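# What the coordinates show
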Amino acid sequence: MGIDEYGGGQGPQADVLVVTTNDVPGYRVEQVIGEVFGLTVRSRHLGSQIGAGLKSMVGGELKGLTKTLVQTRNQAMERLIEQARARGANGVLAFRFDVTEAADVGTEVCAYGTAVVLARL
């Protein structure tokens, strides 16, 4: 797998800055808008489950599942950014992911953080 298949995050020209920190050097928080989140639930693909079962017998990375999880996380993050933008934010602080099993049929991924309006110092 190439870097694009297992990487994530924002590009260099993002209009909503998303960070895992509580502040951003060189910026001040002018307004706290509040919590925003992006949620997606993905069902398990039968082919990847069979492949994962076979791979678990011999060991190694489950590349199909890794790729699916990256796509799922990126979709959740895109939804978080859309929500922040729609509420007038240009930043999201304290960004996190939460991943849980969804009723034993799939995986729920929630991207969440605090939407803010940032201004350069």
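Note that the structure is predicted; figures quoted are calculated from it, not measured. Residue numbers run consecutively from 1 along every chain, following the written order of its sequence. A pLDDT threshold of at least 70 governs which residues receive local features in this predicted model, and a stricter bar of 80 or more applies before side-chain atom pairs are shown or counted, although totals over entire chains, interfaces and linings include all residues. Calculation of side-chain values draws on the structure's entire complement of heavy atoms; hydrogens and water are dropped beforehand.

A few words now on unusual backbone geometry. Not every positive phi belongs to a glycine, and A94 is a case in point at roughly 55°. Secondary structure elements are taken from DSSP: a helix is a run of H or I of four residues or more, a strand is a run of E of two residues or more, and numbering for both begins at the N terminus. Residue position: A94 is located in strand β3 (residues 91-102).

Moving on, we come to the environment of R96. With respect to the element layout, R96 can be found in strand β3. Spatially, the C-alpha atom of R96 lies 9.9 Å from that of V18, the residues being 78 residues apart in sequence. Setting aside residues no more than four positions away along its own chain, R96 makes contact with T20, C110, A111 and Y112. Counted as a polar contact is a pair of N or O atoms within 3.5 Å, where, for protein atoms, one must be capable of donating a hydrogen and the other of accepting one, and residues adjacent in sequence contribute only when both atoms are in side chains. Within the structure, the side chain of R96 is placed 2.9 Å from the backbone oxygen of T20, a separation counted as a polar contact. Working rule for contacts: check all heavy atoms of both residues, and any pair within 4.5 Å makes them a contact.

Attention now moves to a nonpolar patch on the surface. Side chains of F37, L39 and Y112 sit close together on the surface and give an oily, nonpolar patch of about 250 Å² of accessible area. The class for Y112 is partly exposed, based on a relative accessible area of 32%. A patch consists of residues whose relative accessible area exceeds 30% and which take part in no salt bridge; residues with like charges are grouped when within 9 Å of each other, and nonpolar side chains (Val, Leu, Ile, Met, Phe, Trp, Tyr) when within 5 Å. Values of accessible area rely on a 1.4 Å probe in the Shrake-Rupley scheme; residue burial ignores everything except the protein chains shown. A carboxyl oxygen of Asp or Glu within 4 Å of a side-chain nitrogen of Lys or Arg is what we treat as a salt bridge. For each residue, the accessible area found with a 1.4 Å probe, counting protein chains only, is set against the maximum for its type, and the residue is called buried under 20%, exposed over 50%, and partly exposed in between.

Here the focus is the environment of R28. Summarising the element assignment, R28 is placed in strand β2 (residues 27-43). Between the alpha carbons of R28 and L118 there is a distance of 5.7 Å; along the sequence they are 90 residues apart. For R28, the contacting residues outside a window of four places in its chain are V117, L118, A119, R120 and L121.

This brings us to the nonpolar core. V18, L80, A84 and V92 are the most contacted members of the largest nonpolar core, which has 16 residues in total. Looking at this core, the elements that each hand over two or more residues are β2, α3 (63-86), β3 and β4 (106-120). The element best represented in this core is α3, accounting for five residues. Every residue in contact with V92, bar those within four places of it in the chain, is listed here: V16, L17, V18, V19, V36, L80, A84, G113, T114, A115 and V116. Throughout this description, the term nonpolar core refers to a set of buried Ala, Val, Leu, Ile, Met, Phe, Trp, Tyr and Cys residues connected via side-chain atoms within 4.5 Å. In terms of nonpolar packing, the next biggest core, distinct from the first, is built from five residues, V19, V24, L93 and L118 among them.

Our focus in this paragraph is the sheet that holds β4. Across the sheet, which stays open at both edges, the four strands sit in the order β1-β3-β4-β2 with mixed pairing between neighbours. Bordering the open sheet on either side are β1 (17-18) and β2, each of which pairs with just one other strand. Here ten bridges tie β3 to β4, and the two strands are oriented antiparallel to one another. From the neighbouring strand, D98 faces β4, where its bridge partner is C110. Each of β1, β2, β3 and β4 is contacted by α3, which is oriented at about 140° to β2, the strand it contacts most. Strands qualify as paired when DSSP identifies two bridges or more between them. An axis is simply a line fitted to the C-alpha atoms; with a helix, the fit covers only the stretch in contact. Between two such axes, the angle follows the N-to-C directions and lies from 0 to 180 degrees.

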